[in-house]
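Here are the chains, one letter per residue:
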Amino acid sequence: MAKILIADDEADIRDVLRIGLERAGHSVSEASTGSQCLERLKEERPDLLILDVEMPGWDGYTVQLHLSQNVMTAKLPVIVMTGLQPAKKLFENFKQVKGFLNKPFEEGQLVQLVDRCLQKQNP
Amino acid sequence: MADDKFDAIVVGAGPAGVSAALVMARAGLNVVLLERGEYPGAKNVQGAVLYTKMLDDLIPGFWKSPDSPMERHVTEQRFWILSKDAAAQAGFKSDRWAREPHNCYTIIRTNFDRWFSKKAEEAGAQLFSGVTVSDVLKKDGRVVGIKTSEGDELFADVVIACDGVNSMLAQQVGLMDEWKADEVALGVKEILEMPKEKIEDRFCLENGEGTTIEMFGDVTQGMLGYAFLYTNKESLSIGVGCKLSHYQKSRVRPYDLMEYVKKHPILRRLIAGSKTVEYSSHLIPEGGYNSMPPLYTDGFLVAGDAAQMVNAAHREGSNFAMTAGQLAGETVIEAKKAGDFSSKTLSLYRKKMESTYILKDLFDHRELENSAERHMPLVQQGPDLLCESLYDFFHVDGLPKRVGYERILDRGLKNKAVHEALWKEMNVRNIVTGLKYGLMAGKKWLGGR
């Protein structure tokens with residue numbers, strides 16, 4: 001069981017993620033904006049972050065730059081929620097980005113990706 | 001949404017998408033406009049300055065409308081080059097800009113996008129917000145529609161991708177490649193609330209006039225980019241944009257940079273007493289002409305940020321998007337008349353674009369960022385050099401003026417970055433180009449006599 005933080009502005013997507021992850025035995029907390037995500041990371045120590053790219057306020061890329069340049073969060077594994085888009089490659093430059101999740105996704109696909117990313121972190 | 005067939009599907013209700021939808025809907029085409037955000041403008045970020053001409057082409061006399069979302073008409077543009085504690089200032093203020101039609105306006109994108117998209121709806125376009133497009137549908141190699149993340153399939157003669165910097169569509173149809181970090185900038189921005197009277201007193205404004213300030217130098221902490229401060233009706237827009245590759249190298253955090261800008265000793269006086277009411281950040285496509293994708297394929301056109309239509313040096317982008325959206329819309333109208341949506345007919349869009357300021361400006365500025373990158377030491381040290389020299393020039397310390405002049409000259413001549421820049425630029429190619437333009441100018445001058 002792992003603690004997972006979800007950052008996405010769409011409540012429906014957060015719900016789908018939370019239900020899937022809780023069913024797989026993980027505990028989940030949520031943030032609906034980039035800045036809320038950074039605030040949560042100050043209070044919580046999640047094992048994994050699932051991060052959306054297009055959010056109002058700080059976008060996913062700004063959040064990622066902050067994570068990678070903060071000693072407390074630089075090793076936190078991140079799954080970026082993005083489809084095929086030109087900016088995907090920009091995220092690949094960050095070692096802590098362990099995987100990409102394309103919307104829409106199947107529950108099995110999500111759980112499998114999360115498990116793989118958590119295993120990568122704790123071999 | 002029911003599965004349906006439209007004349008055109010426009011993806012993205014920003015300036016490009018709304019312009020395209022507006023033009024097509026006015027011509028009687030059956031248009032659907034899809035927006036990913038909760039409402040148009042929910043996820044869009046811009047400085048923001050909007051130029052009158054391009055919007056006036058679409059909605060003549062828009063500024064006279066009582067519901068116009070324009071904040072202030074800009075009558076003054078200032079440019080500051082900052083060192084740590086000083087600013088070399090230049091600017092231009094014109095009373096001609098106080099008269100209609102104004103040159104440009106400051107806007108707040110959430111308000112503007114809602115207003116602008118309503119104009120497309122009033123013209124007959126169907127707007128659906130909160131819709132994410134996940135796939136492009138193809139048949140026999142040509143684009144025939146889109147699929148939403150909800151699973152709805154929509155079909156049309158043509159799809160216009162105006163889905164912004166993170167355009168998935170242009171990449172899906174094979175027009176756009178993945179980006180490199182030196183092709184994009186990251187802009188961070190805040191809206192600071194301030195009473196109208198205070199803004200007008202502090203910036204010397206009257207009757208809805210506005211000021212823009214672009215700032216270079218210390219505020220980007222050695223990265224390539226610039227900061228800005230714009231006056232709205234009852235707020236200020238402040239922000240800073242720098243190349244992403246520089247952010248990655250310098251390890252500066254965007255939020256920290258924003259705070260640094262706000263605390264700069266010259267700048268903080270202008271924003272003192274304000275309150276942050278909104279913050280945002282977004283990627284800005286700055287690859288320009290060299291990174292621009294082909295603009296069309298069978299049943300598909302691309303416009304705005306999705307096609308890298310930004311001229312960062314002149315803070316132009318939303319005007320490019322509007323003109324491009326309009327031309328894309330006009331191309332579809334002509335294609336509809338001809339009953340042919342193949343790339344052969346849609347290539348008219350590229351031809352139209354070539355005849356406008358957009359491709360000409362993007363072409364002319366295509367090497368600007370590369371040249372700045374070649375001279376980063378000068379970009380980094382130049383502002384200090386300039387501010388120190390001006391300090392020596394204006395400061396009275398009881399020494400003869402010639403001492404100050406010698407100090408200025410000495411500082412410039414001994415600066416390694418200046419040497420390096422001169423050395424790099426003194427090559428055969430530049431000397432030949434310089435002579436060529438010199439001769440051309442000479443001939444024109446002689447011919448005119």
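Scoring rules and cut-offs
- Residues numbered from 1 in each chain as written.
- Chains lettered and ligands numbered in written order.
- Predicted model: local features only at pLDDT ≥ 70, side-chain atom pairs only at ≥ 80, totals over all residues.
- Helix = DSSP H or I, 4+ residues; strand = E, 2+ residues; numbered from the N terminus.
- Rg over C-alpha atoms; globule rule 2.2 N^0.38 Å.
- Buried ≥ 20, exposed ≤ 12 C-beta atoms within 10 Å, placed from the backbone.
- Contact = placed C-beta atoms within 7 Å.
- pLDDT = per-residue confidence, 0-100.
- Pairing = 2+ DSSP bridges.
- Axes fitted to C-alpha atoms, helices over the stretch in contact; angles between N-to-C directions.

## Some points on the overall build of chain A
1) Next: Within chain A, the regular secondary structure consists of five helices and five strands.
2) Next: N-terminal to C-terminal, the α/β element order of chain A is β-α-β-α-β-α-β-α-β-α.
3) Next: The C-alpha radius of gyration of chain A comes to 13 Å, within 12% of the 14 Å expected for a compact globule of 123 residues.
4) Next: Seen along its three principal axes, the alpha-carbon backbone of chain A occupies a region of about 30 × 30 × 25 Å.
5) Next: Looking at chain A as a whole, 45% of its 123 residues are labelled buried.
6) Next: Taking contacts inside chain A between residues at least 6 apart in sequence as the whole, the part at least 24 apart equals 57%.

## Some details on the confidence of the model for chain A
1) Next: Mean pLDDT over chain A: 90, with 94% of residues reaching 70 or higher.
2) Next: Across chain A, element-level confidence peaks in strand β1 (residues 3–7) of chain A with a mean pLDDT of 97 and bottoms out in helix α4 (residues 88–92) of chain A with 84.

## A few points about the interface of chain A and chain B
1) Next: Listed by partner, the interface residues are 23 residues for chain A and 29 residues for chain B.
2) Next: Of all elements in the fold, only α3 (60–68) and α4 of chain A reach the threshold of two or more residues within the side of chain A that touches chain B.
3) Next: The dominant element in the side of chain A that touches chain B, judged by the number of residues it contributes, is α3(A), at four residues.

## Brief notes about the pairing of strand β8 (residues 133–139) of chain B
Residue and element names in this part refer to chain B.
1) Next: Bridge analysis of β8 against strand β9 (residues 142–148) gives six bridges, and the strand direction is antiparallel. When the bridges of β9 are listed, Val136 appears paired with Ile146.
2) Next: The turn linking β8 back onto β9 is made up of two residues, and Asp140 within it adopts a positive phi angle of 50°.

## Quick notes on the sheet that holds strand β4 (residues 78–81) of chain A
Residues and elements named next belong to chain A.
1) Next: Judged by pairing direction, the sheet is parallel, and its five strands sit side by side in the order β2-β1-β3-β4-β5 without closing on themselves. Because the sheet does not close on itself, it has two edges, and the strands there are β2 (27–31) and β5 (97–101). Strand after strand, the sheet turns through a mean of 20° between neighbouring axes, direction not considered.
2) Next: The pairing of strand β3 (residues 48–52) with β4 spans four bridges and is parallel. Counterpart to Asp52 in the pairing with β4 is Met81.

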